[in-house]
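Listed below, chain by chain, are the residues.
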Amino acid sequence: MESHPVDTRGRGLRDLRISVTDRCNFRCVYCMPKSVFGAAYRFLDRKELLTFEEIAHIARAFVANGVSKLRITGGEPLVRRQIEHLIASLASIEGVTDLSLTTNGALLTAKRAAALKAAGLTRITVSLDSLDDALFKQINDVKFPVEQVLEGIANAAAVGLGPIKVNMVVKRGMNEHEVVPMAERFRGTPHILRFIEFMDVGTTNGWRLEDVMSASEIINAINAVHPLEPIGANYQSEVAKRWRYRDGAGELGVISSVSQPFCGACTRARLSAEGQVYTCLFAQSGHDFRTLVRDDPARLTAAVARLWRARDDRYSEIRTFETHRLVEFGPKIEMSYIGG
Ligand code: SAM
Ligand code: SF4
Ligand code: SF4
């Protein structure tokens, strides 16, 4: 058997993130601001989206090239109808050891959580940026209450989709004062809170370096109240740096893609809802796999290998204010399109 491809920096291909829709029922101010994603915004047409069969076909080609972890994302993946069917078909691919999904939790009813679990989902990540109801409603910008997201987390835990990761994007001036309350809410629970540095994804979220609360600032703020110590990574390409409470109240993670980039261990590819493959979250262009899967599916596996062998990306390592200005040469891909 031919060995799996490595890229030009010696990195293997292990993870595939699959965006199943560019639509969302939230309008988080840092991700899909209403000023851009309003009534006039043109989302992808139904016929532009990959079908579940096409997604599974492409996923199999990635698994044949070394991928064992799949994550479903969006937009909001739970707004795509019958997503459980896709989950069942991805779960049946031999070689997939981990199948997870990232959601804002709004549609995570007890019934939906049970259906996701029954379809073969192994884990779930729920995003939550604040416990303060008024602030959270302002951030999601559709007045969605905190309590319902907490219920979604509980529903997922009840059916065995845990340990649940809870993602909090921290943006200075937006929710930095919620870092310690969030830590305290999830301390002593089986859920793992992960703080994400605000990233310069896309071109519509008005990113400025000074808005980033760095991982070390986040850790310092929590450590001052509840002492922490670092713990090792679960696996080499793990993006979150892990910390545990010295008093045994559990662990948390920080994803420091801005202040401490981890491109050297990045083994991840991304598939957009319309079938573009990206080898970096900050890529300016993708590779068309929709045409391939529709016209010449027999070539998919070789196409993945070729694409990966040519990969050179390390955006976060070379990010500066200058590289941010690269937007002048063409827009980067939006987070709601590629899914994080
Ligand atoms: N809608 C789902 C959700 O919110 O979990 C899945 C898609 S969302 C794009 C995936 C993750 O990306 C969320 O945790 C979200 O908070 C995060 N995210 C969006 N924009 C971001 C940014 N500019 N910097 C860092 N994280 C961001
Ligand atoms: Fe939607 Fe997730 Fe983006 Fe919020 S972060 S607007 S929930 S895709
Ligand atoms: Fe991977 Fe690109 Fe992020 Fe670096 S910047 S860690 S290469 S996705």
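Everything numeric here is computed off the predicted structure, so don't read it as measured data.

Rules and cut-offs
- Residues numbered from 1 in each chain as written.
- Chains lettered and ligands numbered in written order.
- Predicted model: local features only at pLDDT ≥ 70, side-chain atom pairs only at ≥ 80, totals over all residues.
- Heavy atoms only, no water.
- Near = heavy atom within 4 Å.
- Nonpolar A, V, L, I, M, F, W, Y, C, P; charged D, E, K, R; others polar.
- Pairing = 2+ DSSP bridges.
- Helix = DSSP H or I, 4+ residues; strand = E, 2+ residues; numbered from the N terminus.
- Phe/Tyr/Trp six-rings, centres within 6.5 Å; stacked < 30°, edge-to-face > 60°.
- Buried < 20%, exposed > 50% of the residue type's maximum accessible area, 1.4 Å probe, protein only.
- Lys NZ or Arg CZ within 6 Å of the ring centre and 35° of its normal.
- Right-handed = clockwise from strand over helix to strand, strands pointing away.
- Axes fitted to C-alpha atoms, helices over the stretch in contact; angles between N-to-C directions.
- Parallel < 35°, antiparallel > 145°, perpendicular 65-115°, else oblique.
- Left-handed = near helix turned anticlockwise from the far one by under 90°.
- Contact = heavy atoms within 4.5 Å.

Peer 1: Break down the site of ligand 3 for me, citing the residues and quoting the values.
Peer 2: Every residue lining ligand 3 is accounted for by Phe262, Cys263, Cys266, Arg270, Cys280, Leu281, Phe282, Arg311, Asp313, Tyr315 and Ser316. For the shell around ligand 3, the per-class residue count stands at seven nonpolar, one polar and three charged.

Peer 1: Describe the sheet that holds strand S8 (residues 241-245), with residues and values.
Peer 2: Taking strand neighbours across the sheet as the criterion, the twelve strands line up as S7-S8-S9-S6-S5-S4-S3-S2-S1-S10-S11-S12 in an open arrangement whose pairing is mixed. Since the sheet does not close on itself, it has two edges, and those belong to strand S7 (228-231) and strand S12 (287-288), each with one partner. Here S8 runs beside strand S9 (residues 251-255); their pairing, made up of four bridges, is antiparallel. Considered in S9, the bridge of Trp243 is made with Leu252.

Peer 1: Account for the packing of aromatic side chains, with residues named and values stated.
Peer 2: Under the defined criterion, the tally for this structure stands at eight aromatic pairs. Seen in terms of ring centroids, Phe62 and Phe289 are 6.2 Å apart; in terms of plane orientation they differ by 40 degrees. Their pairing is tilted. One end of the pair, Phe62, is in helix H1 (residues 52-63); the other, Phe289, is in the loop between S12 and helix H8 (290-295), and 227 residues separate them in sequence. Grouping residues by exposure puts Phe62 and Phe289 together as buried. Here Arg185 stacks its cationic end above the ring of Phe186, 5.3 Å away from the centre of that ring. Taking NZ or CZ as reference, Arg187 lies 4.8 Å from the ring centre of Tyr245, over its face.

Peer 1: Explain the environment of Pro190 to me, using residue names and the numbers behind them.
Peer 2: With respect to the helices, strands and loops of the structure, Pro190 is situated in the loop between helix H6 (179-186) and strand S6 (192-197). For Pro190, a relative accessible area of 60% translates into the label exposed. Distance in space between the C-alpha atoms of Pro190 and Gly162 is 7.8 Å, their sequence separation being 28 residues.

Peer 1: Can you tell me about the pairing of S6, naming the residues and giving the values?
Peer 2: Across the six residues that make up S6, a large majority, six, are buried. Here S6 shows a buried face lined by Ile192, Arg194 and Ile196 and a second buried face lined by Leu193, Phe195 and Glu197. Pairing between strand S5 (residues 165-170) and S6: six bridges, direction parallel. Bridge pairing in S6 links Val166 to Leu193. This β-α-β element, S5 to H6 to S6, shows right-handed connectivity. Of the strand pairs in this sheet, S6 and S9 are connected by four bridges, and their pairing is parallel.

Peer 1: Could you give me a rundown of the environment of Ala115, with the residues and numbers involved?
Peer 2: Examined against the element boundaries, Ala115 turns out to sit in helix H3 (residues 110-119). Accessibility expressed as a relative area gives 30% for Ala115, which makes it partly exposed. Each C-alpha atom, one on Ala115 and one on Glu217, is 39 Å from the other, the two residues being 102 residues apart in sequence.

Peer 1: Now, about unusual backbone geometry: what can you tell me, with residues and values included?
Peer 2: Residue Gly162 is joined to Pro163 through a cis peptide bond whose omega torsion reads -5 degrees. Its place among the elements puts Pro163 in the loop between helix H5 (146-158) and S5. Look at Asp141: it is not a glycine, yet its phi comes out positive at around 60 degrees. Within the secondary structure, Asp141 is located in the loop between helix H4 (133-140) and H5.

Peer 1: Account for the packing of H1 against helix H9 (residues 300-309), with residues named and values stated.
Peer 2: One way to put it is that H1 packs onto H9 with a least axis distance of 8 Å and a crossing angle of 55 degrees. The angle between H1 and H9 places the two elements in the oblique class. In terms of crossing hand, the pair formed by H1 and H9 is right-handed. Within the contact between the two elements, H1 uses His57, Ile58, Ala61 and Phe62 and H9 uses Leu300, Thr301 and Val304. Residue classes in the contact of H1 with H9 are distributed as five nonpolar, two polar and no charged.

Peer 1: So what's going on with the side chain of Lys165? Residues and values would help.
Peer 2: In this structure, Lys165 sits in strand S5. With residues up to four places along the chain from it excluded, the contact list for Lys165 reads Arg123, Ile124, Thr125, Val126, Ile192 and Arg194.

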